[in-house]
Amino acid sequence: MINWFQDQASGLRRMQKMNKVQVIAVTGGKGGVGKTNITLNMASAMAAQGKRVMVLDADLGLANVDVLLGIRVTRNLSHVLRGECTLDEVLVEGPQGIKIIPATSGNQAMTELSPLEHVSLIRAFSEMLTPVDVLLVDTAAGISDMVLSFARAAQEVLMVVCDEPTSITDAYALIKILSRDHGVFRFKIVANMVRSQREGQELFAKLTRVTDRFLDAALELVACVPFDGNLRLAVRRQALVVNQYPQSPSATAIKLLAGKALSWPAPQRAEGHLQFFIEKLLNRPTLEQDVWSK
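Let me sum up the structure you'll find in this document. (Residues numbered from 1 in each chain as written. Predicted model: local features only at pLDDT ≥ 70, side-chain atom pairs only at ≥ 80, totals over all residues. Heavy atoms only, no water.)

### Here we look at the overall build of the protein chain
Inclusion rule: In this text, helices come from DSSP runs of H or I with a minimum length of four residues, and strands from runs of E with a minimum of two, each type numbered from the N-terminal end. Whether a residue is buried, partly exposed or exposed follows from its accessible area with a 1.4 Å probe, protein chains only, as a fraction of its type maximum: under 20%, in between, or over 50%, in that order. The method behind every accessible area is Shrake-Rupley, applied with a 1.4 Å probe, and residues are considered shielded solely by the protein chains displayed.
Secondary structure summary: the protein chain contains 13 helices and 8 strands in total. Within the protein chain, buried positions represent 54% of all 294 residues. Per element, the accessible surface of the protein chain, about 13,300 Å² overall, is 49% carbon and sulfur.

Encoded structure:
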């Protein structure tokens, strides 16, 4: 199996380079920290700046991206794994033209993929035709193999943390596993639902006090997103706060985060466990079906 992966990566490296794609895994360790809201609002803000943005709902068993946006989905990743359609055929369009890869909800089997199914999923990405500038991966909560795999495959790991003990503890646990066992040492931190910039900085300080002492990991505070009633209203309306209430405090903070993320250096080569998945995204043929223009 290892040789098969290496052969695929080698073949894809020979493809003609075209677009450098940012792959950002948005995670948090604990559920309920606002990870999906950060992901979708970032995606919309990036698309508003002219980027072709794709969101992968990587919570394969408890997907909710489509629900948050009020989008009707007829096919998802489970249909791709069963060979009923391609990855391009399950894409749905969200606000600002972002492309969304929907997963399933209430399907435990999708959280327990076999090695062969993992390979099938990655192969589906390697065959994807839709061009993309930024791929945001909205991971599941916890420290499952799938969460770790996507974090390892990404060039940047965006960790969303709230000012509560369980959120900080779970974020630390995820950082510990990724840095100690999987070679991921850089983490960008979003302090979410804070009452002030100072509270966000204090939250970051709480986390770094333990990571600096016990882990070989570099943390960077990249955003403090304030607690905002407008965001709750937008969620109830199945809309995004950056579009529904663009001048609100949370929208302003997320748009600044999106702009900052677009300035992060583009990867020069693929790294990580899912290497040839990233290889395909980084090395596109010059002739491709530009579905974004449709």
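### Overview of the packing of aromatic side chains
Rules: Between the rings of Phe, Tyr and Trp (Trp by its six-membered ring), a pair exists once the centres lie within 6.5 Å; its type follows the angle of the planes, with under 30 degrees stacked, over 60 edge-to-face, and the other angles tilted. Remark: a charge is flagged as sitting over a ring if the NZ atom of Lys or the CZ atom of Arg is within 6 Å of the ring centre and within 35 degrees of the ring normal.
A full pass over the atoms with the stated rule returns 0 aromatic pairs. Just above the ring of Trp264 sits the side chain of Lys188; from NZ or CZ to the centre is 4.7 Å. One residue, Arg195, lies across the ring of Phe227, its end atom 4.5 Å from the ring centre.

### Notes on the environment of Ala251
Our working definition: Between two residues, a contact is recorded if the distance between any of their heavy atoms is within 4.5 Å.
For Ala251, the location among the structural elements is in helix α12 (residues 249-262). Put simply, Ala251 and Val225 are 26 residues apart on the chain and 8.4 Å apart in space, counted from C-alpha to C-alpha. Sequence-distant contacts of Ala251, that is, excluding residues within four places in its chain, are made with Val241, Val242, Tyr245 and Pro246.

### Digging into the environment of Phe204
Mapping Phe204 onto the fold places it in helix α9 (residues 197-214). Classification of Phe204 as buried rests on a relative accessible area of 17%. Measuring from C-alpha to C-alpha, the distance between Phe204 and Glu220 comes to 8.6 Å, with 16 residues separating the pair along the chain. What Phe204 contacts, discounting residues up to four positions off in sequence, is Ile189, Leu219, Glu220 and Leu221.

### Regarding the sheet that holds strand β4 (residues 99-101)
Applicable threshold: DSSP-based pairing: two strands are paired if at least 2 bridges between them are found. In this analysis, axes come from line fits to C-alpha atoms, helices being fitted only over the stretch in contact, and the angle between any two N-to-C directions falls in the range 0 to 180 degrees.
Read across the open sheet, the 8 strands follow the order β3-β4-β2-β5-β1-β6-β7-β8; overall the sheet is mixed. Edge strands, defined here as strands with exactly one partner in the open sheet, are β3 (92-93) and β8 (218-226). Sheet topology places strand β2 (residues 53-58) next to strand β5 (residues 134-139); 6 bridges connect them, and they run parallel. Paired with Val55 across the strands is Leu136, a residue of β5. Running over the sheet, helix α2 (residues 35-48) touches β1 (22-27), β2, β5, β6 (156-161), β7 (186-194) and β8 and is turned about 170° from β5. Of the strands in this sheet, β6, β7 and β8 touch α9, which is tilted by about 155° from β8.

### Quick word on the nonpolar core
What counts is decided by this rule: By nonpolar core is meant a set of buried Ala, Val, Leu, Ile, Met, Phe, Trp, Tyr and Cys residues that side-chain atoms within 4.5 Å join together.
Of all hydrophobic cores here, the largest spans 41 residues; its most connected members are Ile24, Met42, Met46, Leu136, Leu158 and Val190. With 7 residues, α2 is the largest single contributor of residues to this core. Excluding residues within four positions of it along the chain, Ile24 makes contact with Met46, Val134, Leu135, Leu136, Val137, Ala154, Glu156, Leu158, Ala261 and Trp264. Membership of the second largest hydrophobic core comes to 26 residues, among which are Ile168, Leu174, Leu178 and Val194.

### Regarding the packing of helix α8 (residues 165-181) against α9
Selection rule: Each crossing is labelled by how the near helix is turned from the far one, with a counterclockwise turn of less than a right angle marking it left-handed and a clockwise turn marking it right-handed. Under the scheme applied, nonpolar residues are Ala, Val, Leu, Ile, Met, Phe, Trp, Tyr, Cys and Pro; charged residues are Asp, Glu, Lys and Arg; polar residues are all the others, including Gly.
Following both chains from N to C, one finds α8 and α9 inclined at 35°, their axes separated by 11 Å at the closest point. For the crossing formed where α8 meets α9, the hand is right-handed. Residues Ile168, Tyr172 and Ile175 of α8 form the contact with α9, whose participating residues are Leu203, Lys206, Leu207, Val210, Thr211 and Phe214. A breakdown of the residues in the contact of α8 with α9 according to their chemical character gives 7 nonpolar, 1 polar and 1 charged.

### Concerning unusual backbone geometry
One non-glycine residue, Gln96, lies in positive phi territory at about 60°. Looking at the element boundaries, Gln96 is found in the loop between β3 and β4. Of note in the backbone geometry, Met193 takes a positive phi value of approximately 60° without being a glycine. Mapped onto the secondary structure, Met193 falls in strand β7. Taking relative accessible area as the criterion, Met193 reaches 34% and is therefore assigned partly exposed.

### Description of α12
As a reminder of what qualifies: Expected span, for any helix, means 1.5 Å times one less than how many residues it has. Arc, as used here, means the arc of the directions from the helix axis to the C-beta atoms.
An ideal rise of 1.5 Å per residue puts 20 Å on 14 residues; α12 measures up with 20 Å between its terminal C-alpha atoms. Looking at α12, one finds that the buried residues are Ser250, Ala251, Ala253, Ile254, Leu257, Ala258 and Ala261. Taken around the axis of α12, the buried residues stretch over an arc of 165°, which confines them to a single face.

### Section: the side chain of Asp138
Defined as follows: Counted as a polar contact is a pair of N or O atoms within 3.5 Å, where, for protein atoms, one must be capable of donating a hydrogen and the other of accepting one, and residues adjacent in sequence contribute only when both atoms are in side chains.
With respect to the secondary-structure elements, Asp138 resides in strand β5. Exposure remark for Asp138: the relative accessible area of 1% places this residue in the buried category. Side-chain polar atoms of Asp138 contact the side chain of Lys35, separated by 3.0 Å. A polar side-chain atom of Asp138 sits 2.7 Å from a polar atom in the side chain of Thr36. Ignoring sequence-local partners within four residues, the contact set of Asp138 consists of Val26, Lys35, Thr36, Thr39, Leu56, Asp57, Ala58, Asp59 and Val65.

### A look at the layout of surface pockets
Our working rule: Both site types are read off a 1 Å grid over the protein atoms alone. A 1.4 Å probe that fits but cannot get out defines a cavity, while an open set with protein on both sides within 12 Å along at least five of seven lines defines a pocket; lining residues have an atom within 4 Å of a point. Grid points are joined across faces, edges and corners, and a volume is the space filled by probe spheres set on the points.
A volume near 470 Å³ is recorded for the largest pocket. Gly32, Val33, Gly34, Lys35 and Asn37 are, among the 27 residues lining the largest pocket, the residues nearest its centre. Counting residues per element, the ones that place at least two in the lining of the largest pocket are α2, β5, β7, β8 and α10 (229-236). Looking at the lining of the largest pocket, the element that brings in the most residues is α2, giving 4 residues. Residue classes in the lining of the largest pocket are distributed as 12 nonpolar, 8 polar and 7 charged.

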